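Observations on the three-dimensional arrangement
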Amino acid sequence: SAVDAFTSAHLMAPSRNKYNDALEFAYANALAKGLPDIASFPAQGKLLSIQVQVARAKNILEVGTLGGYSAIWMASGAGEDARVTTVEVDPKHKQVAEESIANAGLSGQIDILLGSGLDVLPELIKEVTAGKREPFDFVFIDADKENNLAYLELALQMVKPKTCIYVDNVVRRGTLADEAAAQHDTRIAGSRKLVEAVGQNDKVDAVVIQTVSEKNYDGFMLAVAK
Ligand code: DHB
Ligand code: MG
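Within each chain, residue numbers correspond to sequence positions counted from 1 in written order. For this description, chains carry letters from A and ligands carry numbers from 1, given in the order in which they are written. The predicted nature of this model means local features are confined to residues of pLDDT at least 70 and side-chain atom pairs, given and counted, to a pLDDT of 80 or more, with totals for whole chains, interfaces and linings taken over all residues.

The subject of this paragraph is the overall build of the protein chain. Numbered from the N terminus, helices here are DSSP runs of H or I no shorter than four residues, and strands are runs of E no shorter than two. Assigned secondary structure in the protein chain consists of nine helices and seven strands. Within these notes, the globule rule equals 2.2 Å times the number of residues to the 0.38 power, and the radius of gyration is based on C-alpha atoms. What you see for the protein chain is a C-alpha radius of gyration of 17 Å, in line with the 17 Å of a compact globule of 226 residues. Across its three principal axes, the protein chain shows a C-alpha extent of roughly 45 × 45 × 35 Å. Expressed as a percentage of contacts within the protein chain between residues at least 6 apart in sequence, the contacts between residues at least 24 apart total 70%. For every residue pair, C-beta atoms are placed from the backbone, and the pair is scored as a contact if these atoms sit within 7 Å.

If DSSP finds at least two bridges between two strands, the strands pair. In this structure, strand β2 (residues 83–88) lies alongside strand β3 (residues 110–114), joined through five bridges in parallel fashion. Residue pairing in the sheet places Glu-88 in a bridge with Leu-114 of β3. If the strands point away from the viewer and the path from the first strand over the helix to the second runs clockwise, then the crossover is right-handed. Handedness of the crossover is the feature at issue here: the chain leaves β2, passes through helix α5 (residues 91–103), returns alongside β3, and the resulting connection is right-handed.

Only the C-beta atom, placed from the backbone, is used; a residue is near a molecule or strand if that atom lies within 6 Å of it. In the vicinity of ligand 1, the contacting residues are Ile-38, Asp-142, Asp-168 and Asn-169. Residues are grouped as follows: nonpolar covers Ala, Val, Leu, Ile, Met, Phe, Trp, Tyr, Cys and Pro; charged covers Asp, Glu, Lys and Arg; every other residue, Gly included, is treated as polar. Its residues assigned to classes, the shell around ligand 1 comprises one nonpolar, one polar and two charged.

Turning our attention to the environment of His-184. By secondary structure assignment, the location of His-184 is in helix α8 (residues 179–184). It is 38 Å that separates the C-alpha atoms of His-184 and Gly-77, two residues lying 107 residues apart in sequence.

With that out of the way, let us pick up the pairing of strand β6 (residues 204–213). In terms of strand pairing, β6 meets strand β7 (residues 216–225) through 10 bridges, oriented antiparallel. Across the sheet, the residue bridging to Ala-206 is Ala-223, located in β7. Where β6 folds back on β7, the antiparallel hairpin that results is connected by two residues.

Bringing the nonpolar core into the picture now. Take the buried Ala, Val, Leu, Ile, Met, Phe, Trp, Tyr and Cys residues, join any whose C-beta atoms are within 7 Å, and the set you get is a nonpolar core. Any residue whose C-beta has 12 or fewer other C-beta atoms within 10 Å is treated as exposed, any with 20 or more as buried, and any in between as partly exposed, C-beta atoms being built from the backbone. Counting 62 residues, the largest nonpolar core has Ile-60, Ile-72, Met-74, Val-139, Ile-141 and Ala-155 as the members making the most contacts within it. Among the elements that take part in this core, helix α4 (residues 69–78) stands out by supplying seven residues, more than any other. Setting aside anything within four residues of it in sequence, one finds Val-139 in contact with Leu-61, Ala-155, Val-159, Thr-163, Ile-165 and Tyr-166.

Our focus in this paragraph is the packing of helix α6 (residues 117–129) against helix α7 (residues 148–156). Where α6 contacts α7, the axes come no closer than 9 Å and their chain directions differ by 10°. It follows from the interaxial angle that α6 and α7 lie roughly parallel. Contacts between α6 and α7 involve Gly-117, Leu-118, Leu-121, Pro-122 and Ile-125 from the first element and Ala-150, Tyr-151 and Leu-154 from the second. Looking at the contact of α6 with α7, its residues break down into seven nonpolar, one polar and no charged. Lines fitted to C-alpha atoms define the axes here, with helix axes fitted over just the stretch in contact, and angles between the N-to-C directions of these axes take values from 0 to 180 degrees. Just so you know how the angles are binned, under 35 degrees is roughly parallel, over 145 roughly antiparallel, 65 to 115 roughly perpendicular, and the rest oblique.

Another aspect to go through is the confidence of the model for the protein chain. Mean pLDDT for the protein chain: 97, with 100% of residues reaching 70 or above. The ipTM value of the predicted complex is 0.96, and its pTM value is 0.98. Per-residue confidence from the predictor is reported as pLDDT, a score between 0 and 100.

A turn of α-helix holds 3.6 residues, and therefore any two residues three or four places apart point the same way. The end-to-end C-alpha distance of α6 is 18 Å, a good match for the 18 Å that 13 residues give at a rise of 1.5 Å each. Inspection of α6 places Gly-117, Leu-121 and Leu-124 among the buried residues, and these make up the whole buried set. Taken down its axis, α6 places every buried residue within 60° of arc, on the same side. Away from the buried face of α6 by more than 90 degrees, exposed residues Asp-119, Pro-122 and Thr-129 are located. Its buried side turned inward, α6 meets β1 (59–63), β2 and α7. Count one or two residues on from α6 and you reach Gly-131, which has phi positive near 75°. A helix is expected to span 1.5 Å for every residue after the first. Each C-beta atom gives one direction from the helix axis, and the arc is the one those directions make.

For Arg-172, which is not a glycine, the phi torsion comes out positive at approximately 45°. Examined against the element boundaries, Arg-172 turns out to sit in the loop between β5 (159–167) and α8.

What follows is the structure, encoded as structure tokens:
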């Protein structure tokens, strides 16, 4: 926490980010409306913003909108000519996210599609395959962990070569390495299955990075589509 406080004070000054108030509003609005406190933490939001900039991403896919916090970070990083398509299964989450995205002035750039990723992603694949939609050039998977592998495999069918796919929360306080824990926690089992399958998939290369933050000990997978 002390490291986060020191580095944030220097690198994340509110005056240097024109979306700072909108991000704080999105975070607080989600909590006020009873959404779970599992949004990305600020440094992680900024990491996503930096990654979409480096990738020059213009068609971003997110699975799991929650309150729109990470979508705002990505849209603000990617610029006015970029679009974030984000999938959310819970109508209440979608409504809260829409409020916060409108408050950020980003309604024109962020589209929330209501439905399960398992239903919506195949529809997006059809649109991309038919040439009705641009392929995606950055993917953030942050939804039900049981389907991490399914979402990654679906995403691989509608991305440009060299697209970065970021999968959140795969380390879960180190339980990723605990085979016994996976027996009674389907979220851990889902992330273990992801790591095992990606290791066998020639269409993708990946690494898992462990993180500590105000939001506990966790970590993410960063994959690149070949
Ligand atoms: C959980 C989910 C998340 O996406 C996250 O960032 C943290 C925790 C969870 O389901 O526990
Ligand atoms: Mg998450």
